[in-house]
Amino acid sequence: MSPAAVGIDITKISRISELVKNGRFLERFFSESERAYFAAKARPDESAAANFAGKEAFLKAMKIGIGAVPLSEIEILREPSGAPYVRLSGKAKALAEEKNARHIEISLSHDGGIAAA
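A brief structural summary. All figures in this text were calculated on a predicted structure; none of them were measured in a lab.

A short note on the nonpolar core
Point 1. In this structure, Ile16, Phe25, Phe30, Phe52, Phe58, Ile74 and Leu88 are the most contacted members of the largest nonpolar core, which totals 27 residues.
Point 2. Elements with a minimum of two residues in this core: helix H1 (13–20), helix H2 (23–29), helix H4 (44–61), strand S2 (74–78), strand S3 (84–88) and helix H5 (90–98).
Point 3. With 6 residues, the single largest contributor to this core is H4.
Point 4. Ignoring anything within four residues of it in the chain, the contact list for Phe58 reads Ile74, Leu88, Ala92, Ala96 and Ile104.

Structure below.
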């Protein structure tokens, strides 16, 4: 992998809102820690959409598509300050090690019905 790789993604919050109504979506694509974070928010769909965009942005930076690793192995968590960070496990962690991705930065945003990472 090159010294720096960047991936970006945007998603409509309304699309994720519909999927969030189905608890299976959350269980399939998000870790227990992520789901707990969403549950504590006034608008959990906005946070879920931002995290989903973050997971897809990570995959793009790794130059692989969705389905190559379980999305639940790519966790987008928050520092006490609110700053997001990525924690990898399983196949996602192995992929990052294989690609020599030692440091991962992420930025999330949502406004006007769109979430971006």
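Structure's up, so let's keep going.
Thoughts on the sheet that holds strand S4 (residues 109–111)
Point 1. Read across the sheet, 3 strands follow the order S1-S5-S4 without closing on themselves; strand pairing throughout is antiparallel. Taken across any chain shown, the strands that pair with only one partner, and hence form the sheet edges, are strand S1 (10–12) and S4. In this sheet, neighbouring strand axes are inclined to one another by 20° on average, regardless of whether the strands run parallel or antiparallel.
Point 2. Pairing of S1 with strand S5 (residues 114–116), which is carried by 3 bridges, proceeds in the antiparallel orientation. Within S5, the residue paired with Ile10 across the bridge is Ala116.

Describing the packing of helix H3 (residues 32–39) against H4
Point 1. At a minimum axis separation of 8 Å, H3 and H4 run at an interaxial angle of 145°. Only Pro44, Ser47, Ala48, Asn51 and Lys55 of H4 make contact with H3, whose side of the interface consists of Glu34, Tyr37 and Phe38.
Point 2. For the contact of H3 with H4, the residue count by class is 4 nonpolar, 2 polar and 2 charged.

What about the pattern of salt bridges?
Point 1. Within this structure, the stated rule accounts for 6 salt bridges.
Point 2. Between Lys55 and Glu34 there is a salt bridge whose closest N-O contact spans 3.1 Å. Within this pair, whereas Lys55 is found in helix H4, its partner Glu34 is found in helix H3, the two being separated by 21 residues in sequence. With respect to class, Lys55 is no different from Glu34; both count as buried.
Point 3. Close ionic contact of Arg43 with Asp45 constitutes a salt bridge, the shortest N to O distance being 2.9 Å.
Point 4. Salt bridges sharing common partners tie together Arg43, Asp45 and Glu46.

How each quantity is defined
- Sequence order sets the numbering: in each chain, residues are counted from 1 along the sequence as written.
- This being a predicted model, a pLDDT of at least 70 is required before a residue's local features are given, and a value of 80 or more before pairs of side-chain atoms are given or counted; all residues contribute to the totals for chains, interfaces and linings.
- Note that the side-chain values use all heavy atoms of the structure and ignore hydrogens as well as water.
- Note on terminology: a nonpolar core comprises buried Ala, Val, Leu, Ile, Met, Phe, Trp, Tyr and Cys residues joined through side-chain atoms within 4.5 Å.
- Classification of residues uses two cut-offs on accessible area relative to the type maximum, computed with a 1.4 Å probe and protein chains only: under 20% is buried, over 50% is exposed, and between them is partly exposed.
- Going along the chain from the N terminus, every DSSP run of H or I of four or more residues is numbered as a helix, and every run of E of two or more is numbered as a strand.
- Contact between two residues is taken to exist if any of their heavy atoms lie within 4.5 Å; hydrogens are not considered.
- If DSSP finds at least two bridges between two strands, the strands pair.
- Note on method: axes are straight lines fitted to C-alpha atoms, helices fitted across the in-contact stretch only, with angles between N-to-C directions ranging 0 to 180 degrees.
- Gly falls in the polar group here, along with every residue not listed as nonpolar (Ala, Val, Leu, Ile, Met, Phe, Trp, Tyr, Cys, Pro) or charged (Asp, Glu, Lys, Arg).
- Here a salt bridge means any side-chain nitrogen of Lys or Arg lying within 4 Å of a carboxyl oxygen belonging to Asp or Glu.

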